[in-house]
Structure formats: structure tokens, C-alpha cells
Amino acid sequence: GGIEGKTVAWIGDGNNMANSWINAAYRFGFDLRIACPEGYEPADHLLERARKEASILLTRDPKEAIQGADVVNTDVWASMGQEAEREKRLPLFRAYQGNAGLVARAAAARAASDSGRPAARSNCSRTMSKPVTSSVTPCSTWSRVFTSRK
């Protein structure tokens, strides 16, 4: 199935990737829940425009953002060109780590909201060449998608 009507959670920096999810939310009809540290929010003008057409939540709490999410997505904490900021960013973004615990919480919330429907299964994909493990490094790029069985 498509992404229309689904809920996507973005956990991390409100930079280019978050801005892309914001633009996609109102164009493709899905709800977006963004969790980012203070001072690292997405562009206000994009949020304002997108909120006219889509449901977008901005929070500081990753656990709130993943509640009921069909897709949980994150990215590196220091993007290309931000290498000098890495040490400053590490303590700020540690709580925004996409790890097995956060994904399990999203799966449990999704299962609870899908009660009465068949159990959810997870399809894990990674944009890098290494497989996702339970000890995800803090600066890994990955996403986890939850889809209901038919």
C-alpha cells in the first residue's frame, strides 16, 4: 500500500531530511510527527505551509513522536559539513537515537492501536550497507517500516 493516511515519525535534526518529510506530508497525505532537540527545529515557513494541508506534530519527546507511527525514520546527528559540531551535538541528540528500544515502543503502540486487526510485521531497511542490529551506532542512518498483514 501507499503512504497516504499513514503516520511517519522523524527523530533527530530538523534539517534537510526533516524538511523533505514536511514537504512530502502535505503532498502525499500522511501525518508527520517530528521530534528534535531545542534549537534544531525544522524551518518555520515549511511547517506553516504544510500544516495547512497535513497534520504535523513538533515535539521534543521521541517517545511521543513514535506513538502510532507506521514509519520511524532518523538520520546521522552531524551531517556533511557539520563534522566540527559533532562533539557539541552528541549529548543533545543522544535521546533522539533510533535504536531497538524506540522501534519496539513504536511497534507496541502500533499493535495496541491495531487491536482487532492482524498483528503487525516489521520490514527493516537500511540506506547504508551494514545490517541493522540491536546495538545501532548513534550516527547510523536507517528506517523501520511497520505494515499490517492483510
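Residues numbered from 1 in each chain as written. Predicted model: local features only at pLDDT ≥ 70, side-chain atom pairs only at ≥ 80, totals over all residues. Heavy atoms only, no water.

### Side note on the side chain of N23
Heads up, the condition is: Here a strand is any run of E in DSSP of at least two residues, a helix any run of H or I of at least four, and the numbering for each starts at the N terminus. When a residue's accessible area, from a 1.4 Å probe over protein chains only, is under 20% of the maximum for its type it is buried; when over 50% it is exposed; and in between it is partly exposed. The contact rule is simple, with two residues in contact once any of their heavy atoms fall within 4.5 Å.
You can see N23 is positioned in helix α1 (residues 16-28). Using a relative accessible area of 17% as the deciding quantity, one classes N23 as buried. Sequence-distant contacts of N23, that is, excluding residues within four places in its chain, are made with L46 and R49.

### Quick notes on the environment of G2
Relative to the helices and strands, G2 is located in the segment before β1 (7-11). Each C-alpha atom, one on G2 and one on F28, is 9.1 Å from the other, the two residues being 26 residues apart in sequence.

### Observations concerning the nonpolar core
The following threshold applies: Residues grouped as a nonpolar core are buried Ala, Val, Leu, Ile, Met, Phe, Trp, Tyr and Cys residues, joined through side-chain atoms within 4.5 Å.
Among the nonpolar cores identified, the biggest contains 18 residues, and I22, F30, L32, I34 and I56 are the most heavily contacted of them. Taken together, the elements giving at least two residues each to this core come down to β1, α1, β2 (31-35) and α2 (44-50). Excluding its chain neighbours within four sequence positions, the residues that come into contact with I56 are I22, A25, L32, I34, L47, A50 and R51. One finds I11, Y40, W77 and F93 within the second-largest nonpolar core, a separate group that totals 14 residues.

### Re the side chain of R89
Its location among the elements puts R89 in helix α4 (residues 86-93). Not counting chain neighbours up to four residues away, the residues in contact with R89 comprise D13, Y40, W77, A78 and Q82.

### Thoughts on the confidence of the model for the protein
Note the threshold: Across the chain, each position has a pLDDT score giving the predictor's confidence in that residue, from 0 to 100.
On average, residues of the protein score 76 in pLDDT, and 75% of them are at 70 or above. Note on residues 117-150: pLDDT is under 50 here. Beyond four places in sequence and across chains, it has 66 contacts.

### What to know about the packing of aromatic side chains
Condition: Centres within 6.5 Å make a pair out of two Phe, Tyr or Trp rings, where for Trp the six-membered ring is used; the pair is then stacked when the planes are under 30 degrees apart, edge-to-face when over 60, and tilted otherwise.
Applying the stated rule across the entire model yields three aromatic pairs. Seen from their ring centres, Y40 and F93 are 5.1 Å apart, and the 70° between their planes marks the pair as edge-to-face. With Y40 in the loop between β2 and α2 and F93 in helix α4, this residue pair connects regions lying 53 residues apart in the sequence. Across this residue pair, the class does not change: Y40 and F93 are buried. Taking 6.3 Å as the distance between ring centres and 65° as the angle between the ring planes, the aromatic pair formed by F93 and Y96 counts as edge-to-face. Residue F93 is classed as buried on the basis of its relative accessible area of 0%.

### Some remarks on the pattern of salt bridges
Our working definition: Should a side-chain nitrogen of Lys or Arg be within 4 Å of a carboxyl oxygen of Asp or Glu, the pair is scored as a salt bridge.
Going through the model one piece at a time under the given rule, you end up with four salt bridges. In this structure, the salt-bridge partner of D13 is R89, at a minimum N-O distance of 2.7 Å. With D13 in the loop between β1 and α1 and R89 in helix α4, this residue pair connects regions lying 76 residues apart in the sequence. Like R89, D13 is buried. Salt-bridge contacts for R60 lead to E41; the nearest nitrogen and oxygen are separated by 2.5 Å. Here R60, found in the loop between β3 (56-59) and α3 (62-66), pairs with E41, found in the loop between β2 and α2; they are 19 residues apart in sequence, far enough to count as distant. When its relative accessible area of 38% is taken as the criterion, R60 is described as partly exposed. The partly exposed category is assigned to E41, whose relative accessible area is 29%.

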